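Examination of the molecular architecture
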Amino acid sequence: MQGEFAFIEGIRRRAQQDAPDALDTSLVLGIGDDAAVWRPREGCESLITTDLLVEDVDFKIDYAVPAWLGHKVLAVSLSDIAAMGGRARFSLLSLGIPRTLGDEFWRDFFAGYFALADRLGVRLIGGDTSAAPERLVLDSIVIGECSRGRAVRRSRARVGDDVWVTGVVGGAHIGLSRLADGCRVTADVDDLTQRALRRHLKPEPPVEFGRRLGESGLAHSMIDVSDGLAQDLQHICVESEVSAEIDADRVPVAPEMQLITGDSSKGLLLALNGGEDFELLVTAATTSAGELIGLAGTCGVTLSRIGRIVDRGESCIYLTGPGYRRSFTPAGYEHFA
């Protein structure tokens, strides 16, 4: 691998290329000094998020597609900004690099990173590099903005709200399980297995829908589905001091769940508990249903109403269906469990 300063200079040159929608007077100074400088725009509030991806915890090099890993490390942070109803503007990326990774890996990695950044008008403005003894470590920071007072929080769900989710859930978990079984990405093949792998390795969070939803003021609360639908809904419930019901028949289970044979209830449990779908989970007033569906349609996003916010107090999740309503304990991902 090339030396540290040549490596950083290559990133700097690429980051300084004009990205769509990224050139504006809010960025005063990008990569090249001890810190970046930006001037927040009048009438806006800044949003800042960070995500840490560690080899053998969040991904494995033996199945990673370098370009898709570059895409994913940015996408997971963009998803957080979208979940606040904001627009991502700038990114920072710090790397702990083992000696086993060469120039070809990094060429492909940054091709994926900048392809997504350019598409969404995000400018890389800094970061850091360090040698790592064994495993690759990726630290992603994204800075976004929203109109003043428009940040969508987890803590404002209201009793009577509908609960909505974008896209489908469970597919990323199926992709992870297939990777663990030894399946790998195959170019020019498009079957359920390859689609499941793609959902896990190269997520596409609905960032435009999140931004426009924030501007609209329709969402009372929102979160991205990273730890599992049920667990992330419980995060909303805890912060808002409410409980929620999920209609089992309305959960949009990913079609890749067909790869699992046997008890159909297993597919529902995986859809509720599987993480890294990076969809958006939203609560909003029942009267906003038509506007929400219309907004989703203009963003090319599918939207499913899967439940409702109920009683204040205990922050419970209930699973409902024909003739039953039972307490449901989320079993999503938790790092230190």
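We now turn to the structure provided with this report. Every residue gets a number counted from 1 within its own chain, in the order that chain's sequence is written. With the structure being a predicted model, the display of local features is reserved for residues of pLDDT at least 70 and the display and counting of side-chain atom pairs for 80 or more, all residues being used for whole-chain, interface and lining totals. Based on all heavy atoms of the structure, the side-chain values leave hydrogens and waters out of the count.

Once that is clear, we can look at the side chain of Ser140. The residue Ser140 is located in strand E6 (residues 137-147) in this model. Given the relative accessible area of 0%, Ser140 is considered buried. For Ser140, the side chain forms a polar contact with the main-chain oxygen of Val73, separated by 3.2 Å. Contacts: residue pairs with any heavy atoms within 4.5 Å of one another. Excluding residues that lie within four positions of it along the chain, Ser140 makes contacts with Thr49, Thr50, Asp51, Val73, Leu74, Ser77, Leu92 and Leu93. Helix numbering and strand numbering both begin at the N terminus, where a helix is a DSSP run of H or I of at least 4 residues and a strand a DSSP run of E of at least 2. Relative accessibility under 20% of the residue-type maximum defines a buried residue, over 50% an exposed one, and the middle range a partly exposed one, all with a 1.4 Å probe and only protein chains included. Polar contacts here mean pairs of N or O atoms no more than 3.5 Å apart (in protein, one a potential hydrogen donor and the other a potential acceptor; neighbouring residues in sequence count only if both atoms are side-chain atoms).

This paragraph deals with the packing of helix H6 (residues 207-216) against helix H9 (residues 289-298). Axis definition: a line fit to C-alpha positions, over the contact stretch in the case of helices; interaxial angles, taken between N-to-C directions, run 0 to 180 degrees. Between H6 and H9, the shortest axis-to-axis distance is 10 Å and the interhelical angle comes to 145°. Helix-helix and strand crossings are classified by hand; for H6 and H9 the assignment is right-handed. Note on element contacts: H9 touches H6 through Leu292, Leu295, Ala296 and Thr298, opposite Phe209, Arg212, Leu213 and Ser216. For this classification, Asp, Glu, Lys and Arg are treated as charged, while Ala, Val, Leu, Ile, Met, Phe, Trp, Tyr, Cys and Pro are nonpolar and the rest, including Gly, are polar. When the residues that make up the contact of H6 with H9 are grouped by side-chain class, the tally is five nonpolar, two polar and one charged. Here is the rule for handedness: rotate from the far helix to the near one, and if that takes an anticlockwise turn smaller than a right angle the crossing is left-handed, while a clockwise turn gives right-handed.

For the rest of this paragraph, the subject is the packing of aromatic side chains. Aromatic pairing here means that ring centres of Phe, Tyr or Trp (its six-membered ring) are within 6.5 Å. Orientation follows from the plane angle: under 30 degrees is stacked, over 60 is edge-to-face, and everything else is tilted. Using the criterion set out here, one finds eight aromatic pairs in the structure. Taken together, a centroid distance of 5.0 Å and an interplanar angle of 85° make the contact between Phe105 and Trp106 edge-to-face. The two residues Phe105 and Trp106 agree in class, both being buried. Each ring, one from Trp106 and one from Phe110, has its centre 6.1 Å from the other, and the planes form 35°; the classification is tilted. One end of the pair, Trp106, and the other, Phe110, are both in helix H3 (residues 103-120), four residues apart, so they sit about a helical turn from each other. The pair formed by Trp106 and Phe110 is uniform in burial state, with each residue classed as buried.

The quantities given are spatial measurements derived from coordinates; they are silent on function.
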